[in-house]
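Below, each chain spelled out in residue letters.
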Amino acid sequence: MAKTGPGRGPQISKEVRRLIINEAIHDSRNMPRRALAVRLEDLIEKMGEVSPTEDTLAKMISEARNQQPSELDQPWCVGACAKYSISPDIVPVLMKMKKLRATEGAIGKLGTITIREAQWVARLYPAAEPVISVLTSDDNGRLWWLSVIVNGYVLRERVSEQMNEQYPNTSDLDSLYFANENPFSDASLNAWWSKIPTEYRQAVLDAVEQERSVNHEDIKRHKGRTLSEEEVRMINDCFDAMKSGGLNALNEFVKQSPLAQENGMIQIILAILYSKAVWRESNDRQINKTQG
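Predicted, not measured: the structure shown is a model, and the values here were computed from it.

## Side note on the overall build of the protein chain
Now for step 1: Along the backbone of the protein chain there are 14 helices and zero strands.
Now for step 2: Counting from the amino terminus, helix and strand elements in the protein chain follow one another as α-α-α-α-α-α-α-α-α-α-α-α-α-α.
Now for step 3: Long-range pairs, those at least 24 residues apart, make up 70% of the contacts in the protein chain between residues at least 6 apart in sequence.
Now for step 4: Counting only carbon and sulfur atoms, one obtains 49% of the accessible surface of the protein chain, whose full area is about 14,900 Å².

Written as structure tokens, this is what we have:
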């Protein structure tokens, strides 16, 4: 879709604004703003939207990144629980998570637990625990997956605050993680993926591809060692399968690769996939409106 020319362009949709803030403060927070603006232009147009100009995108990226930090994004400690209504019942889980993240090579880029994150752990843990139990029985693995789920809600709330919404709309995240008994079964995943419109699906895949190099480093930190040539090749093969054939191709490749199964590549790539598909429902409505 063509970009707007000089002068006053069309109003920027809520979905596009959400995408820009999301990328600016989280997924691509360390990318230079001009480089991110070029990437966003491509993503927005593949969503079927008209992209703002590069200058407008760069300005919006700067505005999102320069927001006054919230006190909720300060590091969490037990002493903060009373003030921020964090149940003492969740403190043992938070302490285990804090200890794991302090371990060299563990968790990677998730970093220090914030007050905001601790609030979401307290809210989500009762519902998330049964879901996580299906994925792994390893204690560290369970904490890692809890962090992945919680991180989606944390980001949604931060973006929602910048958009001056009354509360974050988490309906899509709720459905992804908690609407069925096993959200990571082949049937559930394929049903979810099939609901994403073809044009938007490609935009999601392109965004996932941007995380390839980051994923290499995350797995390296998680293992606490340099990856073998076989592991590097396996990771690249998983991303190549996803890029060329979508979720079905990734599933088929992992079924044939014990090393991919051992490293939980389905779950790792799906966590990325979920985080990139946060605009799905809004995009569905926009496409239906266009077709109606």
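## Observations regarding the packing of helix α4 (residues 91-102) against helix α6 (residues 139-162)
Now for step 1: Where α4 contacts α6, the axes come no closer than 10 Å and their chain directions differ by 100 degrees. Judged by the inter-axis angle, α4 sits roughly perpendicular to α6. Residue-level contacts link Val-93, Lys-96, Met-97, Leu-100 and Arg-101 of α4 to Asn-140, Leu-143, Leu-146 and Ser-147 of α6.
Now for step 2: Partitioning the contact of α4 with α6 into residue classes produces five nonpolar, two polar and two charged.

## With respect to the environment of Ala-37
Now for step 1: Tracing the sequence through the fold places Ala-37 in helix α2 (residues 33-46).
Now for step 2: Counting along the chain gives 18 residues from Ala-37 to Asp-55, while the straight-line C-alpha distance between them is 8.0 Å.
Now for step 3: Ignoring sequence-local partners within four residues, the contact set of Ala-37 consists of Glu-54, Leu-57, Ala-58 and Ile-61.

## Let's talk about unusual backbone geometry
Now for step 1: Notably, Ser-85 is not glycine yet its phi reads approximately 55 degrees, a positive angle.
Now for step 2: One can find Ser-85 in the loop between α3 (54-65) and α4.
Now for step 3: Look at Ser-85 and you get exposed, because its relative accessible area is 68%.
Now for step 4: Positive phi values are uncommon outside glycine, yet Asn-164 reaches one of about 60 degrees.
Now for step 5: Mapping Asn-164 onto the fold places it in the loop between α6 and α7 (171-178).

## Thoughts on helix α11 (residues 229-255)
Now for step 1: For α11, spanning 27 residues, the distance from its first C-alpha to its last is only 20 Å, which falls clearly below the expected 39 Å at 1.5 Å a residue.
Now for step 2: Bending of α11 peaks at approximately 140 degrees at the position of Gly-245.
Now for step 3: Of all the positions in α11, only Glu-231, Met-234, Ile-235, Cys-238, Phe-239, Ala-241, Met-242, Gly-246, Leu-247, Leu-250, Asn-251 and Val-254 are classed as buried.

## Focus: the packing of aromatic side chains
Any aromatic ring pair is given by two values, namely how distant the centres are and how the planes are angled relative to each other.
Now for step 1: As enumerated under the stated definition, the model contains two aromatic pairs in all.
Now for step 2: For the cation-ring pair, Arg-123 lies above Trp-120, with the distance from its terminal atom to the ring centre recorded as 4.5 Å.

## Overview of the packing of α2 against α3
In a packed pair of helices, the relevant descriptors are the angle between the two axes and the axis-to-axis distance.
Now for step 1: Contact pair α2 / α3: the axes reach a minimum separation of 9 Å and the direction vectors enclose 115 degrees. It follows that α2 is roughly perpendicular to α3 by the angle criterion. Here α2 runs over α3; the crossing is right-handed. Seen from α2, the contacting residues are Arg-33, Arg-34, Leu-36, Ala-37, Val-38, Leu-40, Glu-41 and Ile-44; seen from α3, they are Glu-54, Asp-55, Leu-57, Ala-58, Lys-59, Ile-61, Ser-62 and Arg-65.
Now for step 2: Looking at the contact of α2 with α3, its residues break down into eight nonpolar, one polar and seven charged.

## A few points about the pattern of salt bridges
Now for step 1: Counted according to the given criterion, the structure contains 14 salt bridges.
Now for step 2: As a salt-bridge pair, Arg-34 and Asp-55 come within 2.8 Å of each other at their nearest N and O atoms. Taken together, the positions of Arg-34 in helix α2 and Asp-55 in helix α3 put the pair 21 residues apart, joining distant regions of the chain.
Now for step 3: A salt bridge links Glu-157 to Arg-116; the shortest N-O distance between them is 2.8 Å. Pair noted here: Glu-157 is in helix α6 and Arg-116 is in helix α5 (residues 115-135), with a separation of 41 residues, a long-range link. With respect to burial, Glu-157 and Arg-116 carry one shared label: buried.
Now for step 4: When salt bridges with common partners are traced through the structure, they connect Asp-73, Arg-116, Glu-157, Arg-158 and Glu-161 into a single cluster.

## Focus on the environment of Ala-127
Now for step 1: With respect to the element layout, Ala-127 can be found in helix α5.
Now for step 2: Separated by 50 residues in sequence, Ala-127 and Tyr-177 have C-alpha atoms that sit 9.0 Å apart.

Rules of the game
Counting of residues starts from 1 at the beginning of each chain's written sequence and follows it residue by residue. Two thresholds apply to this predicted model, a pLDDT of at least 70 for residue-level local features and 80 or more for giving and counting side-chain atom pairs, whereas whole-chain, interface and lining totals are computed over all residues. Values reported for side chains reflect all heavy atoms of the structure, with hydrogen atoms and water molecules removed beforehand. Per the convention used, a helix needs a DSSP run of H or I reaching at least four residues, while a strand needs a run of E reaching at least two, with both numbered from the N terminus. For this analysis, residues touch if any pair of their heavy atoms sits within 4.5 Å. Calculation of accessible area relied on Shrake-Rupley with a 1.4 Å probe; when residues are assessed, cover is drawn exclusively from the protein chains displayed. An axis is simply a line fitted to the C-alpha atoms; with a helix, the fit covers only the stretch in contact. Between two such axes, the angle follows the N-to-C directions and lies from 0 to 180 degrees. Any angle that is under 35 degrees is reported as roughly parallel, and any over 145 degrees as roughly antiparallel; angles of 65 to 115 degrees are reported as roughly perpendicular and all others as oblique. The residue classification treats Ala, Val, Leu, Ile, Met, Phe, Trp, Tyr, Cys and Pro as nonpolar and Asp, Glu, Lys and Arg as charged. All others, Gly included, are polar. Only protein chains enter the accessibility calculation, which uses a 1.4 Å probe. A residue is then buried if its area is under 20% of the maximum for its type, exposed if over 50%, and partly exposed in between. One less than the residue count of a helix, multiplied by 1.5 Å, gives the span that helix is expected to have. The angle separating two fitted axes, one through the seven residues that finish at a residue and one through the seven that start at it, defines the bend at that residue. Pairing of aromatic rings covers Phe, Tyr and Trp, the last counted by its six-membered ring, and requires centre-to-centre distances within 6.5 Å; plane angles under 30 degrees mean stacked, over 60 mean edge-to-face, and any other angle means tilted. The criterion is that NZ of a Lys, or CZ of an Arg, lies within 6 Å of the ring centre and within 35 degrees of the ring normal, and then a charge sits over that ring. In this scheme the crossing of two helices becomes right-handed for a clockwise turn of the near helix relative to the far one and left-handed for an anticlockwise turn of less than a right angle. The rule for a salt bridge is simple: a side-chain nitrogen of Lys or Arg has to be within 4 Å of a carboxyl oxygen of Asp or Glu.

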